[in-house]
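# Per-entry structural report
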Amino acid sequence: MTKMVGEYEPPKPISEAEREARKAFRQVDAEKALSEHALAEKAFAQNRERLKAERLAREAAAGPVPKKQPKAKKR
């Protein structure tokens, strides 16, 4: 028998073994996601530090930045 439009079909109950398997897979997926996030965060921090060191080296080599002269007032 096919389901008619608008007809409600209750969800099928899952077994205890299937419930435990889903729980185990969820835990593995969560651990994997956290480890991937940690690796990405570590790579981001290393890149930020490298860029900061390069910027500071450029600024040190360029010398002090001259201050802007105030504009003369018109009369």
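In this text the structure is predicted, and so the values were computed from the model without any measurement. (Residues numbered from 1 in each chain as written. Predicted model: local features only at pLDDT ≥ 70, side-chain atom pairs only at ≥ 80, totals over all residues. Heavy atoms only, no water.)

### A short note on the pattern of salt bridges
Put simply, the test is: In the sections that follow, a salt bridge refers to a side-chain nitrogen of Lys or Arg positioned within 4 Å of a carboxyl oxygen of Asp or Glu. Helix and strand definitions here come from DSSP, where helices need a minimum of 4 consecutive H or I residues and strands a minimum of 2 consecutive E residues; each element is numbered from the N-terminal end. Whether a residue is buried, partly exposed or exposed follows from its accessible area with a 1.4 Å probe, protein chains only, as a fraction of its type maximum: under 20%, in between, or over 50%, in that order.
Summed over the entire model, instances satisfying the criterion amount to 4 salt bridges. Here Glu18 ties to Arg22 by a salt bridge, and the two come within 3.2 Å at their closest N and O atoms. Separated by 4 residues within a single helix, Glu18 and Arg22 lie in helix H1 (residues 16-62), roughly one turn from each other. With relative accessibility at 42%, the residue Arg22 sits in the partly exposed group.

### Looking at the environment of Ala53
Here Ala53 is to be found in helix H1. Considered as a pair, Ala53 and Ala40 are 13 residues apart in the sequence and their alpha carbons are 20 Å apart.

### A look at H1
Rule in force here: Here the expected span of a helix is defined as 1.5 Å times the quantity of residues minus one.
Across its 47 residues, H1 extends 69 Å between first and last C-alpha, which sits within 8% of the 69 Å expected from 1.5 Å per residue. Positive phi shows up at Gly63, right after H1, with a value of about 90°.

On their own, these measurements won't tell you what the molecule is for.
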